[in-house]
Amino acid sequence: MSTISDPLGTGRASAESVPPSTTDTGRHPASGESGRRPWGSRARTRQWSALLWVAPGFGMYAIFVLYPMVQSVQYSFYDWDGIGTASPAGLDNWKALVTQSELLHSVEHAFVLIVFYTVLPVGLGLVAATLIRELKPGPFNTVARVVLFIPQVLPLVAAGIAWTWMYSSDGLVNQILRAFGLGSHTRAWLGDFTFALPAVGVIGVWVMLGFCTVLMLAGIGKIDPSLYEAARLDGAGRFREFFAVTLPGLRQELVVCTTFTMIAALASFDVIQISTQGGPGYQTMVPGVEIYRLTFLQQHVGQASALAVFLAVLVLVVIWPIQRLGRQK
């Protein structure tokens, strides 16, 4: 580098005469601070590390969920008994969904169960949570929560067996009716063509009520108490306070409860398989039990696969508007 002379003889060199090594602080304009990796390189490293952690779980999900789903779609276009050679069936399995009355009735029964699995548990859960909130903290409050939540802890198979005993001719339900002088109304509830489906639905109410109540209680606990105080100062009564403060504050909890219980209603299997197996006749047949019957009892794997895919799509179609409503402000 050329230098500039110092005519005054002060001994000071021009800035241009100083070698780059004496003014370099170790910072390079292209790569940032010396000894450190660029930001983009660190971000890519973290992304690969995250993928490595997710890979085992995603691999299991792909093997046991995604791959069987793809196979179900494939099987729905074949006539196969599960053992021999499959033969192409075209759209015959799908046409059967709208032409065979048994399959149509199973879907109708699933929608009827939404009343018992969703509407009643969510409504009663709101009422129960509101009443428990009014109770002072104490033993009774705790016992009420435990009693309501017990059905969620019990296996559905055990619940189905217990209710089958209670619905029998000499079961607890008929004994209570006789004790109140209503012996003429006793019957074998799960064997009655008229009352079998509502009787199974009552089991669904019993199972889902505790989940909805506990979730509503948690939602009420996060509502700002000042909103209730403001409502009382404005002269709001209990009902007005419920609809103006409690209900809007539980919007997300209502979406979760509705989603969970609707999926349970449409995909119900355990309780009905244990208690009625779809009977009497086809009065309590639902898609879950019908898929099991077609696959393992009648060896119609193709038709069962078509019904399973249809059920999965039906659940998504029913749940999507609820999820969208919950995301709106």
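Residues numbered from 1 in each chain as written. Predicted model: local features only at pLDDT ≥ 70, side-chain atom pairs only at ≥ 80, totals over all residues. Heavy atoms only, no water.

Examining the overall build of the chain
Item 1. Helix and strand counts for the chain stand at 14 helices and 4 strands.
Item 2. Per-residue burial for the chain yields a buried fraction of 33% across its 329 residues.
Item 3. Counting only contacts in the chain whose residues sit at least 6 apart along the sequence, the fraction spanning at least 24 positions is 63%.
Item 4. For the chain, the accessible surface area stands at approximately 20500 Å², while carbon and sulfur atoms represent 67% of it. (Helix = DSSP H or I, 4+ residues; strand = E, 2+ residues; numbered from the N terminus. Buried < 20%, exposed > 50% of the residue type's maximum accessible area, 1.4 Å probe, protein only. Contact = heavy atoms within 4.5 Å. Areas by Shrake-Rupley, 256 points an atom, 1.4 Å probe, with all protein chains shown as cover.)

Considerations on the side chain of Glu 290
Item 1. In this structure, Glu 290 sits in helix α13 (residues 287-297).
Item 2. The contacts of Glu 290, once residues within four sequence positions are left out, are Leu 103, Tyr 282, Met 285 and Leu 307.

Section: the pattern of salt bridges
Item 1. Taken as a whole and judged by the stated rule, the model has 5 salt bridges.
Item 2. As a salt-bridge pair, Lys 222 and Glu 253 come within 3.8 Å of each other at their nearest N and O atoms. You can see Lys 222 sitting in the loop between α8 (196-221) and α9 (225-233) and its partner Glu 253 sitting in helix α11 (residues 251-266), a full 31 residues away along the chain.
Item 3. Given a relative accessible area of 11%, Glu 253 falls into the buried group.
Item 4. Among the ionic pairs, Arg 293 bridges to Glu 290, the shortest N-O distance being 2.4 Å. Separated by 3 residues within a single helix, Arg 293 and Glu 290 lie in helix α13, roughly one turn from each other. (Salt bridge = Lys/Arg side-chain N within 4 Å of Asp/Glu carboxyl O.)

Topic: the nonpolar core
Item 1. The biggest cluster of nonpolar side chains holds 42 residues, and the ones touching the most others in it are Leu 113, Tyr 117, Tyr 167 and Leu 266.
Item 2. Only α3 (92-99), α4 (101-134), α6 (156-167), α8, α11, α12 (270-275), α13 and α14 (301-327) provide two or more residues apiece to this core.
Item 3. Ranked by the residues each element gives to this core, the list is headed by α14, at 9 residues.
Item 4. Beyond its immediate chain neighbours, meaning those up to four positions away, Tyr 167 contacts Val 173, Asn 174, Arg 187, Ala 188, Trp 189, Leu 190, Ala 199, Val 202 and Ile 203.
Item 5. Among the nonpolar cores identified, the runner-up in size contains 18 residues, and Val 122, Leu 126, Cys 212 and Leu 217 belong to it. (Core = buried A, V, L, I, M, F, W, Y, C linked by side-chain atoms within 4.5 Å.)

Observations regarding the packing of aromatic side chains
Item 1. One pass over the full model with this rule turns up 9 aromatic pairs.
Item 2. Both rings, one in Phe 242 and one in Phe 243, keep their centres 5.1 Å apart while their planes meet at 85°; by these two values the pair is edge-to-face.
Item 3. The exposure class of Phe 243 is exposed, given its relative accessible area of 51%.
Item 4. Connected via pairs of aromatic rings, a cluster forms that spans Trp 163, Tyr 167 and Trp 206.
Item 5. The ring of Tyr 228 is capped by Arg 133, whose NZ or CZ atom sits 3.9 Å from the centre of that ring. (Phe/Tyr/Trp six-rings, centres within 6.5 Å; stacked < 30°, edge-to-face > 60°. Lys NZ or Arg CZ within 6 Å of the ring centre and 35° of its normal.)

Some remarks on the UniProt feature "transmembrane region" (unreviewed entry) in the chain
Item 1. Under the present numbering, the feature "transmembrane region" (unreviewed entry) in UniProt falls on residues 50-70, 110-131, 143-165, 195-218, 254-275 and 304-322.
Item 2. End-to-end, the C-alpha atoms of residues 143-165 are 26 Å apart, and along that stretch the chain is 91% helix and 0% strand.
Item 3. Between the C-alpha atoms that bound residues 304-322 there is a distance of 28 Å. The span itself is 100% helix and 0% strand. (UniProt positions renumbered as here; feature names shortened; annotations may be inferred.)

Observations concerning the packing of α3 against α4
Item 1. Orientation of α3 relative to α4, taken along the N-to-C sense of each, is 65°, at an axis distance of 6 Å. In terms of orientation, α3 lies roughly perpendicular with respect to α4. Counting all contacts with α3, which are made through Ala 96, Leu 97, Val 98 and Thr 99, the residues of α4 involved are Ser 101, Leu 103 and Leu 104. (Axes fitted to C-alpha atoms, helices over the stretch in contact; angles between N-to-C directions. Parallel < 35°, antiparallel > 145°, perpendicular 65-115°, else oblique.)

Some remarks on α4
Item 1. With 34 residues, α4 extends 49 Å between its outermost C-alpha atoms, agreeing within 8% with the 50 Å of an ideal straight helix rising 1.5 Å per residue.
Item 2. The largest bend in α4 comes to about 30°, at Leu 113. (Expected span 1.5 Å × (residues − 1). Bend = angle between axes of the 7 residues up to and from the residue.)

Here's the deal with the layout of surface pockets
Item 1. A volume near 340 Å³ is recorded for the largest pocket.
Item 2. Elements with a contribution of two residues or more to the lining of the largest pocket: α2 (39-75), α13 and α14.
Item 3. If one sorts the elements of the lining of the largest pocket by residue count, α14 sits on top with 8 residues.
Item 4. Taken together, the residues that form the lining of the largest pocket break down as 11 nonpolar, 5 polar and no charged.
Item 5. Within this model, the second largest pocket holds a volume of roughly 220 Å³.
Item 6. Residue lining of the second largest pocket: Leu 126, Val 127, Thr 130, Leu 131, Arg 133, Glu 134, Arg 238, Phe 239, Glu 241, Phe 242 and Thr 246, and that is the complete set.
Item 7. Listed by contribution, the elements that provide at least two residues to the lining of the second largest pocket are α4 and α10 (238-249).
Item 8. With 6 residues, the single largest contributor to the lining of the second largest pocket is α4.
Item 9. Across the lining of the second largest pocket, the residue classes tally to 5 nonpolar, 2 polar and 4 charged. (1 Å grid on protein atoms, 1.4 Å probe; cavity = no way out; pocket = protein on both sides within 12 Å on 5 of 7 lines; lining within 4 Å. Points joined across faces, edges and corners; volume = space filled by probe spheres on them. Nonpolar A, V, L, I, M, F, W, Y, C, P; charged D, E, K, R; others polar.)

As for the packing of helix α5 (residues 139-153) against α8
Item 1. Where α5 contacts α8, the axes come no closer than 7 Å and their chain directions differ by 125°. The orientation of α5 relative to α8 falls into the category oblique. Crossing of α5 against α8: the hand is left-handed. Contacts from Arg 145, Leu 148, Phe 149, Pro 151 and Gln 152 in α5 reach Trp 206, Val 207, Met 208, Leu 209, Gly 210, Phe 211, Thr 213, Val 214 and Leu 217 in α8.
Item 2. When its residues are assigned to classes, the contact of α5 with α8 shows 10 nonpolar, 3 polar and 1 charged. (Left-handed = near helix turned anticlockwise from the far one by under 90°.)

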